[in-house]
Number of protein chains: 2
Amino acid sequence: MVSQASMQYLYDENGKKYLDCISNVQHVGHCHPKVVAAISKQLATSTCNVRFVSHKLTDCAEEILKTLPGLDTVLFCNSGSEANDLALRLARDYTQHKDAIVVDHAYHGHVTTTMEMSPYKFDHGSSLRQPEWVHVAPIFDVYRGKYRLANEDLNNPEKLEKAGQVYADMVKDVIEKAEQNGRKIAAFFTEALQSCGGQILPPPGYLKLVAEYVRSHGGLMVIDEVQTGFGRVGSKYWAHQLSEDDFIPDIVTMGKPMGNGFPVSAVVTTKKIADRLGGSVGYFNTYGGNPVACSAALSVMNVIKEENLLDHSQKMGELFHEQLNELKKNHDCIGDIRGVGLFWGIDLVKDRETREPDQELALQLILKLRKERSILLNADGPHTNILKIKPPLCFNADDVKNTVTALDETLKEMNK
Amino acid sequence: MVSQASMQYLYDENGKKYLDCISNVQHVGHCHPKVVAAISKQLATSTCNVRFVSHKLTDCAEEILKTLPGLDTVLFCNSGSEANDLALRLARDYTQHKDAIVVDHAYHGHVTTTMEMSPYKFDHGSSLRQPEWVHVAPIFDVYRGKYRLANEDLNNPEKLEKAGQVYADMVKDVIEKAEQNGRKIAAFFTEALQSCGGQILPPPGYLKLVAEYVRSHGGLMVIDEVQTGFGRVGSKYWAHQLSEDDFIPDIVTMGKPMGNGFPVSAVVTTKKIADRLGGSVGYFNTYGGNPVACSAALSVMNVIKEENLLDHSQKMGELFHEQLNELKKNHDCIGDIRGVGLFWGIDLVKDRETREPDQELALQLILKLRKERSILLNADGPHTNILKIKPPLCFNADDVKNTVTALDETLKEMNK
């Protein structure tokens, strides 16, 4: 039971304080005073929707577009699910194709179509099945995927580049096989970094190459930044900008961190694509682009700028890189460490050679850290063995150190 | 351009004041101070989602359930579209059937599935077509539908009851025809009162009878109260409760007025149905049921109680009934007046006998009222000839009189 939240801390009903390594939604910090003030002020001024034009909408769209060169149109929605559903509609209307390719273990949202595009759901007990219009490409995971790198090569740039090529070619195969079956691809969807699937970064070159393949078959490249956008990765505003500066998606979806807890999301694309949406009825969304949501997003973007959160996230990422790799040296149960900025995964294994996932250890660690160290961590991935770190961006150097130290000491106590 | 909004009034950038007859979302009044205060307070306390339990969620669910006897489970989402999509998933998982019956001209939302269930969209230029799993029943419209009443019988209770039977039998025919084609009905969806379709009230007996037919074929009865709930109809909390006290739907969806402008919606059903949702992965929605959304909904329900808004809406409905019928006597261009509480439609015609819709007059009236009288009205329905009145519930007796007088004087000036 959370009774209060402030920046990177949560408090239970007894006032006990917890360090929050989980809440990527509260992006610039739980209840950040500037964001609360901006939302509250707009709530008391007007909540009228887009039937009534407001300059908040245009201001917000302009701020977003500054971060996404090559794109020029923003459509607002309420949730990442709505944004991904709208991205599918845009791609279908523009290409006049129907099908989507998604990556294995991907999660794109909880409405019917986005569930149908989420192997994370339909492969794991959901009542929805993979429909014929959805094709699944292998996950670009050099640690657990179809094409793996040796332990000593996991950070080798040349080997990673080769892996990017191999995994992109697998997408090409999926496209060709689909076309042989008379299907046509409207879009390739992928999270910029895969989150629920286990904190996986696409190898360098992968996204750009996939975009070439998909476009050459008449489809669009859709990047889901719902979990990963707004500076979480440190050096760039968006995770898909990490490896190639000249890679420009056709559609980018964004959500969670955008409103710091206020429900708002968006689809960003080009006018050329947006103009073909929906036939003559177009698009209307009751709350989409309402001035309160836009005030929330604007103030989040302002705080990111004022507090230099990209720089900060980048620095915290460097600390995590260093300290987690040190941790790995001392604990054989850590098979892989991967991440960037304030987005990290710790892959727990029973055996470094076989890479057998250790779900039980992940769950024990989470419980012990919460009870004994007041640190909140979570696990995800298809085997629920990957510890996820994706805290509010105000997470500081002491928090990094405390988290890694707590992991170190707890693993020692457990003789792991 | 709206620069400020307060209760039933909007102000443009020059400070000019408008009477708002349109905004059903800002249900208890634009920027109602109590709702603003409740949301702002919670925003500064915690926005943590349902992964962290909050008593706001349980309090809010309990308050909603008090108004819906026979139902016991609430699932929270962000928008009416998400709620209707979830209702479809619930019905499909529970019945193990796939298809939906909707009413002609219905509108259930802007995500892919709900667009596919909205003849308002797919019959009017949308790029989405009616899929094979969607069946359309005739609209229960005694003025413009397949089964019409004579002008003098439009308010005759016996004739209306007969119409309810006739229209319900049409749904039965749709079910039987679908089954002959090997299809199975998961749910019948209808708005409790049809809004975008032209402010249409189902005739007495219709909903209950349709529910019997649908259930006897293994389907569920889903009532969409997104536009009509939370006391808008005056004598009852929900519009579907208007004619039969003992009619209990299987699923009720709600949205717009629920948060007074804050994005929140819900699906209410029974535990028996909810327990079968989603297979082993269940349901998760990032913002659904977050404590800010719940605080918004709770404070809306409190204001409804404290300010006796059901009583008030009922009384304003009686005034509208009286004054609009008087207006109709003086203007032949008004073919039909229909509504209840603060939900009214004025059906404009070129000829009372042929009932030919007069879209042009509707558009002219809206423009003149805005420019010359500072009153905001809207038109809807398949012919865009029906003036819609669905203001915030604080709309008072003077506002009713001013609106009707403005219509009267403007129509006189136009020699209509």
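Calculation criteria
- Residues numbered from 1 in each chain as written.
- Chains lettered and ligands numbered in written order.
- Predicted model: local features only at pLDDT ≥ 70, side-chain atom pairs only at ≥ 80, totals over all residues.
- Heavy atoms only, no water.
- UniProt positions renumbered as here; feature names shortened; annotations may be inferred.
- Helix = DSSP H or I, 4+ residues; strand = E, 2+ residues; numbered from the N terminus.
- Rg over C-alpha atoms; globule rule 2.2 N^0.38 Å.
- Buried < 20%, exposed > 50% of the residue type's maximum accessible area, 1.4 Å probe, protein only.
- Contact = heavy atoms within 4.5 Å.
- Areas by Shrake-Rupley, 256 points an atom, 1.4 Å probe, with all protein chains shown as cover.
- Lys, Arg positive; Asp, Glu negative; His and termini not counted.
- Charge placed at Lys NZ, Arg CZ, Asp CG, Glu CD.
- Pairing = 2+ DSSP bridges.
- Phe/Tyr/Trp six-rings, centres within 6.5 Å; stacked < 30°, edge-to-face > 60°.
- Lys NZ or Arg CZ within 6 Å of the ring centre and 35° of its normal.
- Salt bridge = Lys/Arg side-chain N within 4 Å of Asp/Glu carboxyl O.
- Domains from an automatic or database assignment.
- Buried area = accessible area lost by both parts, 1.4 Å probe.
- Polar contact = N/O pair within 3.5 Å; in protein donor to acceptor, adjacent residues only side chain to side chain.
- Nonpolar A, V, L, I, M, F, W, Y, C, P; charged D, E, K, R; others polar.
- Axes fitted to C-alpha atoms, helices over the stretch in contact; angles between N-to-C directions.
- pLDDT = per-residue confidence, 0-100.
- Core = buried A, V, L, I, M, F, W, Y, C linked by side-chain atoms within 4.5 Å.
- Parallel < 35°, antiparallel > 145°, perpendicular 65-115°, else oblique.
- Left-handed = near helix turned anticlockwise from the far one by under 90°.
- Expected span 1.5 Å × (residues − 1).

The UniProt entry for chain A carries the following text under Sequence similarities (unreviewed entry): "Belongs to the class-III pyridoxal-phosphate-dependent aminotransferase family."

Participant: Describe the overall build of chain A, naming the residues involved and giving the relevant values.
Facilitator: Each helix and strand in chain A was counted, giving 12 helices and 16 strands. Its C-alpha atoms give chain A a radius of gyration of 21 Å, within 12% of the compact-globule value 22 Å for 416 residues. When each of the 416 residues of chain A is scored for burial, the buried share is 65%. Residue pairs in contact within chain A that sit at least 24 positions apart in sequence constitute 72% of those at least 6 positions apart. Summed over all atoms, the accessible surface of chain A reaches about 14900 Å², with 47% contributed by carbon and sulfur. The averaged location of the 54 negative side-chain charges in chain A is 3 Å from the averaged location of its 46 positive side-chain charges.

Participant: With reference to specific residues and values, describe the pairing of strand β1 (residues 2-6) of chain A.
Facilitator: Note that β1(A) and strand β2 (residues 9-12) of chain A share four bridges and pair antiparallel. Across the sheet, V2(A) pairs through a bridge with D12(A), a residue of β2(A).

Participant: Tell me about the packing of aromatic side chains, and please be specific about residues and values.
Facilitator: The tally for this structure, following the rule as stated, stands at 17 aromatic pairs over all chains. Through a chain of ring-to-ring contacts, the aromatic side chains of F230(A), Y237(A) and W238(A) assemble into a single cluster. Taking the ring centre of W133(B) as reference, the NZ or CZ of R92(B) above it sits at 4.4 Å.

Participant: How would you explain the pattern of salt bridges if you had to name every residue and give the values?
Facilitator: Counting across every chain of the model gives 40 salt bridges over all chains. The shortest N-O distance in the salt bridge between R352(A) and D332(A) comes to 3.9 Å. Highlighted residues: R352(A) in the loop between β12 (343-351) and β13 (356-357) and D332(A) in the loop between α10 (309-330) and β11 (334-340), separated in sequence by 20 residues. Judged by its relative accessible area of 24%, R352(A) is partly exposed. Linking D246(B) and K208(B) is a salt bridge whose minimum nitrogen-to-oxygen distance equals 2.8 Å. Within this pair, whereas D246(B) is found in the loop between β8 (220-224) and β9 (251-254), its partner K208(B) is found in helix α7 (residues 206-216), the two being separated by 38 residues in sequence.

Participant: Please give an account of the domain arrangement of chain A that cites residues and values.
Facilitator: Residues and elements named next belong to chain A. What the domain assignment lists for chain A is domain 1 (2-28 + 308-413) and domain 2 (34-306). On a C-alpha basis, the centres of domain 1 and domain 2 stand 25 Å from each other. Counting residues at the interface gives 40 residues for domain 1 and 42 residues for domain 2. Broken down residue by residue, the surface that domain 1 buries against domain 2 is led by L310, F343 and R355, which jointly contribute 26%. Remark: the boundary between domain 1 and domain 2 carries one salt bridge. A salt bridge links D347 to R144, with the shortest nitrogen-to-oxygen separation between them at 2.7 Å. The interface formed by domain 1 and domain 2 holds 25 residue pairs in polar contact (both at pLDDT 80 or more) in total. Elements that contribute at least two residues to the side of domain 1 that touches domain 2 include exactly α10, β11, β12, β13 and β16 (386-389). A total of six residues in the side of domain 1 that touches domain 2 trace back to one element, the largest contributor, which is β12. Grouping the amino acids of the side of domain 1 that touches domain 2 by side-chain chemistry returns 17 nonpolar, 13 polar and 10 charged.

Participant: Tell me about the sheet that holds strand β8 (residues 220-224) of chain A, and please be specific about residues and values.
Facilitator: Residue and element names in this part refer to chain A. Strand order in the open sheet formed by seven strands is β4-β10-β9-β8-β7-β5-β6, with mixed pairing between adjacent strands. Since the sheet does not close on itself, it has two edges, and those belong to β4 (73-77) and β6 (134-137), each with one partner. On average, each strand axis in the sheet is tilted by 20 degrees relative to the strand beside it, whichever way the strands run. As defined by bridge partners, strand β5 (residues 99-103) adjoins β6 across four bridges and the pair is classed as parallel. Of the residues in β6, the one forming a bridge with A100 is V134.

Participant: Go over the confidence of the model for chain A, please, and point to the residues and values.
Facilitator: When pLDDT is averaged across chain A, the result is 94; 95% of the residues are at 70 or more. Both confidence scores are given for the complex: pTM 0.94, ipTM 0.92.

Participant: Quick rundown of the side chain of T253(B)? Include the residues and the values.
Facilitator: Residue and element names in this part refer to chain B. One can find T253 in strand β9. T253 gets classed as buried once you look at its relative accessible area, which sits at 0%. If we ignore the near neighbours within four places in the chain, the residues touching T253 are A83, N84, A87, V222, I223, D224, E225, V226, A266 and V267.

Participant: Which residues make up the nonpolar core, and what values do they have?
Facilitator: The nonpolar side chains of a soluble globular protein tend to be buried with one another. Counting residues in each nonpolar core, the largest one holds 131 residues, and the members touching the most others are I64(A), M254(A), I64(B) and M254(B). With sequence-adjacent residues up to four places away left out, M254(A) is seen in contact with I64(A), L68(A), A83(A), E225(A), V226(A), F230(A), W238(A), S265(A), A266(A) and V268(A).

Participant: Just give me the short version of the packing of helix α6 (residues 157-180) of chain B against α7(B), but keep the residues and values in it.
Facilitator: Residue and element names in this part refer to chain B. Packing of α6 against α7 brings their axes to within 9 Å, and their N-to-C directions diverge by 25 degrees. Relative to α7, α6 is oriented roughly parallel. Judged by the twist between their axes, the crossing of α6 over α7 is right-handed. Of the residues in α7, those in contact with G164, Q165, Y167, A168, D169, V171, K172 and I175 of α6 are Y206, L209, V210, Y213 and V214. Each residue belonging to the contact of α6 with α7 can be placed in one class, and the counts come to nine nonpolar, two polar and two charged.

Participant: Which residues make up the environment of T190(A), and what are the values?
Facilitator: Within the secondary structure, T190(A) is located in strand β7 (residues 185-191). Through-space distance from the C-alpha of T190(A) to that of L71(A) is 18 Å; in sequence the pair is 119 residues apart.

Participant: Lay out the sheet that holds strand β2 (residues 9-12) of chain B in plain terms, naming residues and giving numbers.
Facilitator: Residue and element names in this part refer to chain B. One open sheet holds the four strands; their spatial order is β1-β2-β3-β13, and the pairing between them is mixed. The outermost strands of the open sheet, each flanked by one partner alone, are β1 (2-6) and β13 (375-376). When strand β3 (residues 17-20) meets β13, the two strands line up parallel, connected through two bridges. Paired with D20 across the two strands is L376, which belongs to β13.

Participant: Report on the environment of L68(A), specifying residues and quantitative values.
Facilitator: Residue and element names in this part refer to chain A. If you trace the backbone, L68 turns up in the loop between α2 (55-66) and β4. Looking at L68, the relative accessible area reads 2%, which means it is buried. When the C-alpha positions of L68 and P249 are compared, they lie 9.4 Å apart, and in sequence the two are 181 residues distant. With sequence-adjacent residues up to four places away left out, L68 is seen in contact with W238, H240, Q241, V252, M254 and V268.

Participant: Provide a residue-level description of the packing of α10(A) against helix α12 (residues 397-413) of chain A, including the pertinent values.
Facilitator: Angle between the axes and distance between the axes: these two values describe a pair of packed helices. Residue and element names in this part refer to chain A. At a minimum axis distance of 10 Å, the contact between α10 and α12 shows a crossing angle of 15 degrees. The angle between α10 and α12 places the two elements in the roughly parallel class. Where α10 crosses over α12, the two elements pack in a sense that is right-handed. Across the interface between the two elements, M316, L319, F320, Q323, L324 and L327 of α10 pack against A397, V400, K401, V404, L407 and D408 of α12.

Participant: Tell me about α6(B), and name the residues and values.
Facilitator: Residue and element names in this part refer to chain B. In a regular helix each residue adds 1.5 Å, so 24 residues correspond to 34 Å; α6 covers 35 Å between its end C-alpha atoms and thus fits that length. For α6, every residue scored as buried is listed here: L160, A163, G164, V166, Y167, A168, M170, V171, V174, I175 and A178. The elements touched by buried residues of α6 are β5 (99-103), β6 (134-137), β7 (185-191) and α7. The N-terminus of α6 is capped by N156, whose side-chain oxygen sits 2.9 Å from the backbone nitrogen of E158. Of the residues flanking the end of α6, it is G182, one or two places downstream, whose phi is positive at about 80 degrees.

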